[in-house]
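What the coordinates show
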Amino acid sequence: MEEKPLKSVFFHFRFKFLAITAIFFLLWVILSGSAEFDQFATTLQFKLLGPFFIGSGIFYLVFRKVPIKCPNCDKFISTRKNWHCPNCDKMQGKERYLSDKCVHCKQMLATSFCDHCKKEFRL
Ligand SMILES: [Zn+2]
Ligand SMILES: [Zn+2]
C-alpha cells in the first residue's frame, strides 16, 4: 500500500518567496541602474535599496512569527515551540522558531506535528 504524501503548510516557501523577490529586485537594480557609480547613487533604484532591505528584514521577522494552519484540522499552530528534531532525536531545550536550524545537528525541519490533532505535515 502506498503511503499518502504529507500535506504541506508552505512554511519554508514564505522565506523562499522573500529570497526570490530580493534576487529579482537586485537584478533589476543592476540591469537598469547606471554604470557610473556617482550617477547610480542619484538614481531611483539606489534610493530604493535601503527601504527595500529594511522591508525584507521586517517581512522575514513577521513571516516566521505568523502562525501556520494545520492542513489536517484547520487549527492554528504557533511557529515557536520547543520542537523535537527527527534527525538527531533531541528536543531543542527551549522555545525556538520552526524556521530555525536544530541547535544540536544544524538540520532544518522538514516536517512538524500539529499540537491539536497530532498529525504530521510538511513545512
Ligand atoms: Zn537535530
Ligand atoms: Zn491539526
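From a predicted model like this one, the values you see are computed outputs, not experimental measurements. (Residues numbered from 1 in each chain as written. Chains lettered and ligands numbered in written order. Predicted model: local features only at pLDDT ≥ 70, side-chain atom pairs only at ≥ 80, totals over all residues.)

Another aspect to go through is helix H3 (residues 44-65). With 22 residues, H3 should cover 32 Å at 1.5 Å per step; its first-to-last C-alpha distance of 32 Å lies within 8% of that length. At glycine 50, H3 is bent by approximately 30°, the largest bend along its length, and proline proline 51 sits one to four residues beyond. (Helix = DSSP H or I, 4+ residues; strand = E, 2+ residues; numbered from the N terminus. Expected span 1.5 Å × (residues − 1). Bend = angle between axes of the 7 residues up to and from the residue.)

Before going further, it helps to spend a moment on the packing of helix H1 (residues 11-32) against H3. Contact geometry of H1 with H3 gives a least axis separation of 11 Å together with a crossing angle of 175°. As far as their axial angle goes, H3 and H1 are roughly antiparallel. Where H1 abuts H3, its residues Arg14, Phe15, Leu18, Ala22, Phe25, Val29 and Ser32 lie against Gln45, Leu49, Phe52, Ser56, Phe59, Tyr60 and Phe63. (Axes fitted to C-alpha atoms, helices over the stretch in contact; angles between N-to-C directions. Parallel < 35°, antiparallel > 145°, perpendicular 65-115°, else oblique. Contact = placed C-beta atoms within 7 Å.)

To continue, consider the domain arrangement of the protein chain. By domain assignment, the protein chain separates into domain 1 (8-66) and domain 2 (68-123). Each partner contributes residues to the interface: domain 1 has seven residues there, and domain 2 has ten residues. Elements supplying a minimum of two residues to the side of domain 1 that touches domain 2: H1 and H3. A breakdown of the residues in the side of domain 1 that touches domain 2 according to their chemical character gives three nonpolar, two polar and two charged. (Domains from an automatic or database assignment. Nonpolar A, V, L, I, M, F, W, Y, C, P; charged D, E, K, R; others polar.)

The topology assignment puts serine 34 in the loop between H1 and helix H2 (37-40). Remark: the alpha-carbon pair of serine 34 and glutamine 45, spanning eleven residues in sequence, is separated by 9.3 Å. Discounting residues that sit within four places of it in the chain, serine 34 has contacts with Gln39, Phe40 and Thr43.

This part covers H1. With 22 residues, H1 extends 33 Å from end C-alpha to end C-alpha; this agrees with the ideal 32 Å at 1.5 Å per step. Burial analysis of H1 places just one of its 22 residues in the buried class, a small minority of the element. (Buried ≥ 20, exposed ≤ 12 C-beta atoms within 10 Å, placed from the backbone.)

So, about the nonpolar core. Residues Val9, Phe11, Cys70, Ile77 and Phe121 constitute the largest nonpolar core, which totals five residues. Beyond its immediate sequence surroundings of up to four residues, valine 9 is in contact with Ile68, Lys69, Pro71, Phe121 and Leu123. (Core = buried A, V, L, I, M, F, W, Y, C linked by C-beta atoms within 7 Å.)

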